[in-house]
Amino acid sequence: MGKKEKTPIIIDEQEYFYEDLNDEQKAYVNHIADLDRKISSSQFNLEQLQFGKQAFVKALKDIL
């Protein structure tokens, strides 16, 4: 069988391996990853909302 590679995690320029972390540390890493996804999604949604608002403001100006 092939050797399973470990997943590196860089924190403050220090490399750790996910598989070597204890359960509490893994939970924190998972929370951080989930928050990163949520922040990215929120930023994407905000861009859509701002663009939509601009489109409606422009449309309103056009019909006034």
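All residue numbers here refer to positions counted from 1 along the written sequence of the relevant chain. Whole-chain, interface and lining totals are the exception, using all residues; otherwise, since this is a predicted model, local features are given only for residues with pLDDT of at least 70 and side-chain atom pairs are given and counted only at 80 or more. For side-chain calculations, the full set of non-hydrogen atoms in the structure is used, while hydrogens and water are omitted.

Enquirer: Looking at this model, I keep getting lost on a nonpolar patch on the surface. Mind explaining?
Expert: Two joining distances apply to patches: 9 Å for like charges and 5 Å for nonpolar side chains (Val, Leu, Ile, Met, Phe, Trp, Tyr), and every residue must have over 30% relative accessible area and no salt bridge. Residue exposure ignores everything except the shown protein chains as possible cover, and the areas themselves are Shrake-Rupley values with a 1.4 Å probe. We count a salt bridge whenever a side-chain nitrogen from Lys or Arg sits within 4 Å of a carboxyl oxygen from Asp or Glu. The grouping of L60, I63 and L64 at the surface amounts to a nonpolar patch, some 380 Å² of accessible area in total. For the purposes of this entry, the term helix denotes a DSSP run of H or I that reaches at least four residues, the term strand denotes a run of E that reaches at least two, and both are numbered from the N terminus. With respect to the secondary-structure elements, L64 resides in the segment after helix 1 (23-63). A simple rule labels every residue: compare its accessible area, found with a 1.4 Å probe on the protein chains alone, to the largest value its type can have, and call it buried under 20%, exposed over 50%, or partly exposed in between. According to the relative accessible area criterion, L64 is exposed, its value standing at 78%.

Enquirer: So what exactly am I meant to see when it comes to the pattern of salt bridges here?
Expert: Charged atoms that come close allow side chains of opposite charge to pair. Scanning all chains against the criterion turns up four salt bridges. As a salt-bridge pair, D34 and K38 come within 3.2 Å of each other at their nearest N and O atoms. Placement of the pair is D34 and K38 together in helix 1, with a separation of four residues, close to one helical turn. Among the residues examined, D34 registers a relative accessible area of 27% and is labelled partly exposed. For K38, a relative accessible area of 49% puts it in the partly exposed group. One connected set of salt bridges, linked through shared partners, spans D34, R37 and K38.

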